[in-house]
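# Structure assessment
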Amino acid sequence: MLSLPSEEHLQKAIAVLGRDGISGDEIEIEISAFVHEQMLARRLIDWLPEIFGIALISHMEDINLPDTFGAQDKHGNWFRLEFKLEPIFQMAIKVATEMYHAGPRNTFGNIALRSAMLSTVSRVLNESGSLEGGYLSGPSLIGIPAEIYLPPSKAF
């Protein structure tokens with residue numbers, strides 16, 4: 001069973017990730033200091049930018065948004081998994097969407113700019129000028145093993 005962050009952990013992680021000028025190392029140290037379970041900290045650090053990126057991308061031109069992500073198991077096999085398997089996604093997409101509309105915009109932007117998916121969308125827009133009809137793949141998570149999302153029968 002995946003650990004759920006508390007609402008307090010989620011809000012603290014958002015505050016850390018949304019801070020101006022914070023480095024990746026500082027993010028790791030600060031979030032790990034209040035989220036004592038290493039994998040939960042990793043999930044917050046990796047997922048929140050992608051979730052905020054999706055909230056921003058969803059307000060752009062006509063583009064098909066992903067509903068799956070990739071994760072690799074200990075044997076090197078990649079799995080496509082549904083977003084709904086990650087409880088952080090369910091919790092944070094509402095927060096990200098509300099923050100997109102109500103702010104603080106700076107915090108929202110700082111987090112979204114860490115998203116690999118948003119980086120891809122920006123690159124496509126710079127190269128072609130349009131997203132129309134495009135399909136965006138979900139993130140491929142490197143530091144989060146597929147086994148935490150798979151039923152035990154498929155994890156081994």
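Residues numbered from 1 in each chain as written. Predicted model: local features only at pLDDT ≥ 70, side-chain atom pairs only at ≥ 80, totals over all residues. Heavy atoms only, no water.

## Quick look at the environment of Glu-61
Definition in use: Each helix is a run of H or I in the DSSP string that is no shorter than four residues. Each strand is a run of E no shorter than two, and both are numbered from the N terminus. Note on definitions: a residue-residue contact is assigned when non-hydrogen atoms from the two residues lie within 4.5 Å.
Looking at the secondary structure, you find Glu-61 in the loop between helix 3 (38-57) and strand 1 (63-64). On a C-alpha basis, the gap between Glu-61 and Ala-41 in space is 33 Å, while along the polypeptide they are 20 residues apart. The contact partners of Glu-61, leaving out residues within four places of it in the chain, are Leu-125, Gly-129, Ser-130, Leu-131 and Glu-132.

## A few points about the nonpolar core
One recurring pattern in soluble globular proteins: nonpolar side chains tend to sit buried together. The following threshold applies: Remark: nonpolar core denotes a set of buried residues (Ala, Val, Leu, Ile, Met, Phe, Trp, Tyr, Cys) joined through side-chain atoms within 4.5 Å. Only protein chains enter the accessibility calculation, which uses a 1.4 Å probe. A residue is then buried if its area is under 20% of the maximum for its type, exposed if over 50%, and partly exposed in between.
One finds Ile-31, Trp-47, Leu-48 and Phe-52 to be the most contacted residues of the largest nonpolar core, which totals 48 residues. If you list the elements that add at least two residues to this core, you get helix 1 (7-17), helix 2 (24-34), helix 3, strand 2 (68-72), helix 4 (87-102), helix 5 (105-112) and helix 6 (116-128). Considering every element that reaches this core, the biggest residue donor is helix 3, with 11 residues. Residues contacting Ile-31, with those up to four places away along its chain left out, are Ala-13, Val-16, Leu-17, Ala-41 and Ile-45.

## Brief notes about the environment of Ile-93
Of note, Ile-93 is situated in helix 4. Counting along the chain gives 40 residues from Ile-93 to Gly-53, while the straight-line C-alpha distance between them is 9.8 Å. The residues touching Ile-93, leaving out its near neighbours within four places in the chain, are Ile-51, Ile-54 and Ala-55.

## Some words on helix 4
At 3.6 residues per turn, the α-helix brings residues three or four places apart onto the same side. Put simply, the rule is: Expected span of a helix, by definition, is 1.5 Å for each gap between consecutive residues, and there is one gap fewer than residues. Under this definition, polar contacts are N or O atom pairs within 3.5 Å; protein pairs additionally need one hydrogen-donor-capable and one acceptor-capable atom, and for neighbouring residues in sequence, both atoms have to be side-chain atoms.
Here helix 4 contains 16 residues, and its C-alpha end-to-end distance of 23 Å stays within 8% of the 22 Å for a straight helix at 1.5 Å per residue. By the burial criterion, the buried members of helix 4 are Pro-87, Ile-88, Phe-89, Ala-92, Ile-93, Val-95, Ala-96, Met-99 and Tyr-100. Of the residues that open helix 4, the one with a side-chain oxygen 3.0 Å from the backbone nitrogen of Ile-88 is Glu-86. Phi turns positive one or two residues past the end of helix 4, at Gly-103, with a value near 85°.

## Quick notes on the layout of surface pockets
How we decide: Definitions used throughout: a 1 Å grid over protein atoms alone; a cavity as a set of points that fits a 1.4 Å probe which cannot get out; a pocket as an open set with protein on both sides within 12 Å along at least five of seven lines; a lining residue as one with an atom within 4 Å of a point. Grid points are joined across faces, edges and corners, and a volume is the space filled by probe spheres set on the points. Under the scheme applied here, ten amino acids are nonpolar (Ala, Val, Leu, Ile, Met, Phe, Trp, Tyr, Cys and Pro), four are charged (Asp, Glu, Lys and Arg), and all others, including Gly, are polar.
Estimates place the volume of the largest pocket at around 170 Å³. Residue lining of the largest pocket: Ile-45, Asp-46, Pro-49, Glu-50, Arg-114, Ala-116, Pro-139, Ser-140, Leu-141, Ile-142 and Gly-143, and that is the complete set. Every element with two or more residues in the lining of the largest pocket is listed here: helix 3 and strand 5 (140-141). Ranked by residues supplied to the lining of the largest pocket, first place goes to helix 3 with four residues. Tallied by class, residues from the lining of the largest pocket come to six nonpolar, two polar and three charged.

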